[in-house]
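# Survey of secondary and tertiary structure
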Amino acid sequence: MSVVTTPNGFNLDTSGQRVVVDPVTRIEGHMRCEVNIDENNVIRNAVSTGTMWRGLEVILKGRDPRDAWAFVQRICGVCTGTHALTSVRAVEDALNINIPENANSIRNIMQLSLQVHDHLVHFYHLHALDWVNPVNALKADPKATSALQQKISPKNPRSSPGYFRDVQARIRKFIESGQLGPFKNGYWSNPAYKLPPEADLMAVTHYLEALDFQKDIMTVRTIFGGKDTHPNWLVGGVPCAINMDGVMAAGAPINMERLNLVKSVTDKTIDFIEQVYIPDLLAIASFYKDWMYGGGLASKNLLSYGDIPDRANDYSAENLLMPRGAIINGKLDEVHPVDLRNPDEVQEFVPHSWYAYPDEAKGLHPWDGVTEPNYKLGPNFKGTKTNIQELDEGAKYSWIKAPRWRGHAMEVGPLARYVIGYAQGNKEYVEQVDYVLKALDVPLEAMFSTLGRTAARGLEAKWAAHKQKYFLDKLIANIKAGDTATANSESFDPSTWPAEVKGVGFTEAPRGALGHWIRIKDTRIDNYQCVVPTTWNGSPRDSQGNIGAYEASLLDTKVERPEEPVEILRTLHSFDPCLACSTHVMSEDGEELAEVKVR
Amino acid sequence: MGELSEFAEPQKRVLILGIGNLLWADEGFGVRAVDELNRLYEFSSNVTLLDGGTQGIYLVQHVREADILIVFDAVDYNLPGGTMKRVEGEEVPKFMGAKKISLHQTGFQEVLAMAEMMDDRPEHLLLVGVQPVELEDFGGSLRPEVSEKILPAIDVALEYLASHGVTATKRAQRLPEDVTLACNVMLQSRYEDERPSEEEAYRQGDARIVNDSRWRAPEDFDAEMTEVVRHLPAEASGASS
């Protein structure tokens, strides 16, 4: 078959063997990925599909808009708080509600804390095992590991040979018990793993440390959200009262003692990121510098809505500490402004998605979005309707819509934010990016890769931890100046609302730009549309044939062993799929080749 | 939760966890069950009741802190809908890993393995699962067959606790409906009562399109699919493994 060039500049060739990975992850529903590889095992075509309908929009219709946050935070197991924040912002935008400064600071602290937590868990528990081999760690010399640790992070106190010997023994016991758990189904003999045993042991040790450190990070959201696992949110502010003279009690208001606890956790977080996460990131990357695959759309089209408003209620680009903008065709000297209200900017298309539009040649802005399922397989699909072996990407093939910005497929996420911030000359971003490029001795182009995506996430974790400190200081100063307001209930009563209003709320979720568009009619939700980061990155083709970020990122990657597609997982994971689940790799004839674990 | 008696020995720490997604009909069983347990009984301070939702790795810390772990969950055992199943000890991870239809974001199996890696796996494990009747009802609530298993499931949990010397005190009066481990918005009564009618919020899609004369739902989906399959090349149309 001849090669097809997509309008966004990628060559697709479907003639080679098809490899199917299903499901890749359960983020926002189940995901599946199919690729064609040529005779040299290089990926020449990629198809990414969401295989389950979320139905979120339907659940919210007719509900009280002030309740929407509680529903959206139940949709996904990881972005709980981010969805809730996006939702209350959408309702506040629609009803013109201003929130107090303290509420803005507290929301930012919660959002930044979630960024740090998510990035840390992603790096160590979901992504590290694509680069780190825990079985190989058993061969490490604890003394040499200690020397390596002291070299890459002199300030890290946990670096003695005895410490690494103990951890090694613990991992050995765990692996030898026969139930590998998270290490199960790894490709531990695959030549794609490049680390020496000592680096593997160091990284696995920090895998355990990071698991332990979670409990500290979580206290921040529990204190401000009032409830562990599912924090409370409030349209008009935050649901926690401030009383600096107050004593600790169950469900108590924010007092100095609790703020001091947040302060100490924030300091510990900064230490962990600077002494463990960043040194590990650089050490691991230094062994993979020749693995520069996975760029895809990153060197072309990037989008960020921006987030973390410095002052309350000002959502203009100038006031957002996390940058907003769009880059098209790799032109870093021109960052376009982004307007989420403009009907010509963000639009969703469905010609390759299992939804019906009245006119599928056109995209719909989320305010006018419709969510009507239409499950139809193309004539070239293989298998049966309940057991698909190969999708037909020429027809509808995904439950994910195809969002486009001014018609372009875009990548969103930490790398998009960092490239946009860098292109805008944002001092903090430029310093961080230049630091990592210098440390690894690579050019800026190296950022447009799977590793670049992983590096940007680490840099952002550090940035977010410091910003968390900034907003905590700001909160304390504001309280000390006598302002203890945390909520504005002026427009909370629906009888004061206009008959019909619409609004948009946005955040930068750990894995990318997140927007909720709401229409309220007669005090009830009339239409609610979420465009989530996975919709952007995992988008199928559009009416022009443009491929999405996941699809583009897999092209031209060499797969050492097609039955062990660690390279595919590496790149897909670099976009931060949510959590672990089992994966089956099927060969062309549907025979199961191997069960892989998507971590 | 009650105060720990000053004469009490250091006690085993207990975590009672409800997991699942409230938004997908019977997937909400675990969270509803632990919430009801909290309304009916009180425990000493070494017992924690938690709405785990669909959280995965974020639950590891709670699991590590527990000596005894009880999980309420909707689990697929290929049994008739509404069947309750009690699984204990080493069998628990196997059952939790077996679920294919669950909408949980991570395997709870993984959470247990991570706790074990930290040398902190709970000593005693009990899973009280119920086979879901319906999951494909977005915004829907528990089906009666599943809902009526909440009280029996609580009894199973209490019996297990008693066998480990952990006692629950029945409250003189059931706590009011609005006392919840989740949040008030998600109260079962409110969740169900405020659900708009099917006419108002079509549960399979968007009424504006469905009622739009320009588009029609396929009249016979299966027939259409059969037609598609018939036109496939011979080697592709066979049933797969």
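Residues numbered from 1 in each chain as written. Chains lettered and ligands numbered in written order. Predicted model: local features only at pLDDT ≥ 70, side-chain atom pairs only at ≥ 80, totals over all residues.

### A look at the overall build of chain B
Cut-off, in case you're wondering: A run of H or I in DSSP becomes a helix once it reaches four residues, and a run of E becomes a strand once it reaches two; helices and strands are each numbered from the N terminus. Any residue whose C-beta has 12 or fewer other C-beta atoms within 10 Å is treated as exposed, any with 20 or more as buried, and any in between as partly exposed, C-beta atoms being built from the backbone. Residue pairs are scored as contacts if the distance between their C-beta atoms, which are placed from the backbone, is within 7 Å.
From N to C terminus, chain B includes 10 helices and seven strands. Across the 241 residues in chain B, those meeting the buried criterion constitute 42%. Within chain B, contacts between residues at least 6 apart in sequence are counted, and of these 78% link residues at least 24 apart.

### Comments concerning the sheet that holds strand S14 (residues 500-509) of chain A
All names here are of chain A. Rules: One bridge is not enough; two strands pair if DSSP finds at least two bridges between them. Orientation is described by lines fitted to C-alpha atoms, with helices fitted over the stretch in contact, and by angles between N-to-C directions that extend from 0 to 180 degrees.
Taken in spatial order, the three strands of this open sheet run S14-S15-S16, and their pairing is antiparallel. Edge positions in the sheet fall to S14 and strand S16 (524-531), since each has one partner strand and no second. Ignoring strand direction, the axes of neighbouring strands in this sheet form an average angle of 15°. Packing against the sheet, helix H3 (residues 80-95) makes contact with S14 and strand S15 (512-521), and its axis sits at approximately 150° to S14.

### Let's talk about the pairing of strand S6 (residues 124-130) of chain B
Note on strand geometry: in a regular strand, side chains alternate between the two faces of the sheet. Residue and element names in this part refer to chain B. The buried fraction of S6 is high, at six of seven residues. In this structure, strand S4 (residues 68-74) lies alongside S6, joined through seven bridges in parallel fashion. Looking at the pairing, Leu-69 lines up with Leu-125 of S6. Summarising the sheet, strand S5 (residues 84-88) and S6 pair through five bridges and their orientation is antiparallel. Of the residues in S6, the one forming a bridge with Arg-86 is Val-128.

### Examining the confidence of the model for chain B
All names here are of chain B. Put simply, the rule reads: The predictor rates its confidence in each residue with pLDDT, a number between 0 and 100.
Scored by pLDDT, chain B comes out at a mean of 78, with 71% of its residues at no less than 70. Of all secondary-structure elements in chain B, the lowest mean pLDDT belongs to helix H10 (residues 234-237), at 42, while helix H6 (residues 150-163) reaches the highest, 97. Below a pLDDT of 50 lies the segment residues 205-217, which in the model reaches 22 contacts outside its immediate sequence neighbourhood of four places, other chains included. Reported confidences for the modelled complex are a pTM of 0.87 and an ipTM of 0.81.

### Some remarks on the packing of helix H10 (residues 414-423) of chain A against helix H11 (residues 427-440) of chain A
Residue and element names in this part refer to chain A. Basically, it comes down to this: Convention used here: angles under 35 degrees read as roughly parallel, angles over 145 as roughly antiparallel, angles from 65 to 115 as roughly perpendicular, and any remaining angle as oblique. By convention the crossing between two helices is left-handed if the near helix lies anticlockwise of the far one by an angle smaller than a right angle, and right-handed if it lies clockwise. Polar here means any residue outside two lists: the nonpolar Ala, Val, Leu, Ile, Met, Phe, Trp, Tyr, Cys and Pro, and the charged Asp, Glu, Lys and Arg; Gly therefore counts as polar.
At a minimum axis distance of 8 Å, the contact between H10 and H11 shows a crossing angle of 110°. Viewed along their axes, H10 and H11 adopt a mutual orientation that is roughly perpendicular. Both H10 and H11 take part in a crossing whose hand is left-handed. Facing Tyr-418, Gly-421 and Tyr-422 of H10, the residues of H11 in contact are Tyr-429, Val-430 and Val-433. Tallied by class, the residues present in the contact of H10 with H11 amount to five nonpolar, one polar and no charged.

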